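One letter stands for each residue in the lines below.
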Amino acid sequence: MRADVAAAASAAGLARVRATGELRWGCDAQGGAPYVFQDPMDPNHLIGFEVDLADALAHELGARARPVQGQWDMLLDLLNRGDFDVALNGIEVADEKLRVASLTRPYYVAPERLTVRRADPAAPRSLAALAGRRVGTLPGSLAERMLGRAGAVVRTYDGGQNEIYADLALGRTDAVLLDGPISRYYGDVDPDLETVDGDFGEVRYAIAVPRSADELRDALDTALARLADGGRLRAIYERWGLWNAGTAALLGDPRTATSGVAEAWESWRTAVGRPPPLLERVGTTLPLFAAGAGMTLALSLVAMALAIPLGVALALARNYGPAPLRWLAVAYIEFVRGTPLLVQLVMLYFGLPELGITLDPFVAGALALGLNYSAAEAENYRAGLESVPVGQLEASWSLGLSTAQALRHVIGPQAVRIAIPPATNDFISLLKDSSLVSLVTLTELTKTYVNLANAMRDHVGLGLVVAAWYLLIGLPFAWLARRAEARLGRHLRTAAP
């Protein structure tokens with residue numbers, strides 16, 4: 001029986017790809033060139049040698065490739081959750097990866113390269129010399145493990161690869177140890193930096209599939225073999241300037257020297273060396289920022305629509321409910337306020353599937369934000385309720401009103417007017433906190449900015465653009481809140497004796 005279930009699960013991945021005609025592959029465009037990144041000249045398109053590889057593999061499987069954005073160090077978690085069919089983004093062949101996923105045959109060999117400042121006479125030029133020195137790298141990588149063993153002070157970066165080399169050039173770190181493709185595209189192009197000659201090890205990349213998807217893994221292995229034998233893999237690597245002796249040996253190609261033209265590499269160098277004017281960049285990125293702003297706004301509105309009624313219920317329960325309900329309200333508020341939103345999001349998105357409950361990314365993001373902000377809203381509304389003199393409730397009782405009627409007609413309107421400003425501030429904060437949902441494969445405004453800034457190497461100009469987008473979204477709600485506050489205040493002044 002178990003063998004039958006395992007066989008069915010194994011076939012499911014490949015069957016889904018063939019049935020839908022679509023190979024969903026997880027990647028993180030934030031990492032940058034030359035893997036997966038947005039074209040600096042046309043940021044509405046993803047490019048990179050792994051984009052070309054995914055297209056070629058999908059073609060071999062009779063499908064089309066569809067990239068799914070995910071945070072790089074969470075790709076295997078997202079893969080096992082079922083958000084995509086394969087993870088293809090510089091996934092290293094390592095024991096810790098094999099414990100949570102199956103890996104295909106390697107498709108590329110990357111040497112580890114050490115980069116230092118050219119003008120630094122004390123720059124470390126060996127692994128032994130890295131002991132006690134500040135060295136930048138990516139988290140969860142072979143380079144990080146090597147640096148740990150060498151005794152270096154490791155600085156890991158969750159942002160783009162450009163930031164790692166920028167910190168080196170600024171003197172914030174003493175060296176960078178990363179894979180050859182990264183050093184070629186970020187270290188070798190900077191005249192202030194130098195890539196040290198020597199062998200610092202190598203890493204092999206493979207495609208990760210769920211451990212139950214053996215048939216899909218075998219189909220990908222066959223596709224990789226055909227691409228290698230037909231010279232298609234070599235052509236992709238040469239086009240991006242990545243062909244090397246290690247990869248030639250891996251693919252069984254006796255020709256170690258590059259014979260093709262690295263047109264994609266030259267195009268990238270030209271693009272980042274002479275970026276288009278800011279106004280042109282604003283125009284080309286407008287559709288992406290608009291889509292990111294739409295996601296941010298939709299997510300925030302849905303989350304706030306949940307936070308407000310739940311916050312009202314919590315505030316009423318805490319102030320007017322029976323003792324057990326008050327205790328539950330206080331416990332919920334303190335727990336939610338006392339734990340990070342990121343932890344709550346991870347628990348909902350990755351934890352619930354362990355209990356048999358799998359949420360859509362948008363639903364999980366909106367739910368996490370809504371539940372988190374309901375605690376803050378509860379405190380806003382409680383403060384509003386307690387700001388109304390207790391004598392007004394007693395006077396309402398003496399007039400024959402119930403507590404519910406007094407809250408609705410006497411205390412509630414006054415409390416709402418007081419709660420509007422902090423609630424508005426909470427909504428503006430929620431707009432910004434929505435950036436955390438990029439963890440669950442949603443691309444909102446901040447993630448859009450980071451991806452574009454890393455691809456176009458423009459953090460200042462595009463930073464001003466994304467700031468303008470946030471202002472454009474938030475200011476109308478602040479204006480509406482002021483109008484509502486003024487209108488309600490006018491009503492209360494008119495009604496006052």
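Residues numbered from 1 in each chain as written. Predicted model: local features only at pLDDT ≥ 70, side-chain atom pairs only at ≥ 80, totals over all residues. Heavy atoms only, no water.

A. Looking closely at the overall build of the protein. When helices and strands are tallied, the protein shows 19 helices and 13 strands. Looking at the protein residue by residue over its 497 residues, the buried ones come to 50%. Taking as baseline every contact in the protein between residues at least 6 positions apart, the subset at least 24 positions apart corresponds to 73%. Accessible area of the protein: about 22400 Å², with a carbon and sulfur share of 59%. (Helix = DSSP H or I, 4+ residues; strand = E, 2+ residues; numbered from the N terminus. Buried < 20%, exposed > 50% of the residue type's maximum accessible area, 1.4 Å probe, protein only. Contact = heavy atoms within 4.5 Å. Areas by Shrake-Rupley, 256 points an atom, 1.4 Å probe, with all protein chains shown as cover.)

B. Expanded view of the packing of helix α2 (residues 49-60) against helix α8 (residues 214-229). Between α2 and α8, the shortest axis-to-axis distance is 9 Å and the interhelical angle comes to 110°. If you check the angle between α2 and α8, you find them roughly perpendicular. Handedness of the α2/α8 crossing: right-handed. Contact residues: Leu53, Ala56, Leu57 and Glu60 in α2; Leu220, Ala223, Leu224, Arg226 and Leu227 in α8. A class-by-class count of the residues in the contact of α2 with α8 yields 7 nonpolar, no polar and 2 charged. (Axes fitted to C-alpha atoms, helices over the stretch in contact; angles between N-to-C directions. Parallel < 35°, antiparallel > 145°, perpendicular 65-115°, else oblique. Left-handed = near helix turned anticlockwise from the far one by under 90°. Nonpolar A, V, L, I, M, F, W, Y, C, P; charged D, E, K, R; others polar.)

C. A look at the packing of aromatic side chains. Counting across every chain of the model gives 15 aromatic pairs. Among the aromatic residues, those joined into a ring-pair cluster are Tyr35, Phe49, Tyr107, Tyr108, Tyr205 and Tyr237. Just above the ring of Tyr349 sits the side chain of Arg81; from NZ or CZ to the centre is 3.5 Å. Lying over the aromatic face of Trp265, Arg184 brings its terminal NZ or CZ to 4.1 Å of the ring centre. (Phe/Tyr/Trp six-rings, centres within 6.5 Å; stacked < 30°, edge-to-face > 60°. Lys NZ or Arg CZ within 6 Å of the ring centre and 35° of its normal.)

D. Structural view of the pattern of salt bridges. Per the counting criterion, the structure on display carries 25 salt bridges. Salt-bridge contacts for Asp174 lead to Arg133; the nearest nitrogen and oxygen are separated by 3.4 Å. Of the two residues, Asp174 sits in the loop between α6 (161-169) and β10 (175-179) while Arg133 sits in the loop between β7 (108-117) and β8 (134-137), which places them 41 residues apart along the sequence. The exposure class of Asp174 is buried, given its relative accessible area of 10%. (Salt bridge = Lys/Arg side-chain N within 4 Å of Asp/Glu carboxyl O.)

E. Broad picture of helix α13 (residues 323-338). Taking 1.5 Å of rise per residue, 16 residues should cover 22 Å, and α13 covers 22 Å from first to last C-alpha, within 8% of that figure. Within the span of α13, buried status applies to Ala329, Ile333 and Val336. Down the axis of α13, the buried side of the element spans an arc of 75°, and every buried residue falls inside it. For α13, exposure combined with an orientation more than 90 degrees from the buried face picks out Trp327, Leu328 and Gly338. (Expected span 1.5 Å × (residues − 1). Arc of directions from axis to C-beta.)

F. Structural view of the side chain of Asp83. Note that Asp83 resides in the loop between α3 (75-81) and β5 (86-87). Here Asp83 falls in the buried class, since its relative accessible area comes to 12%. The residues touching Asp83, leaving out its near neighbours within four places in the chain, are Arg24, Val68, Leu78, Tyr349 and Thr441.

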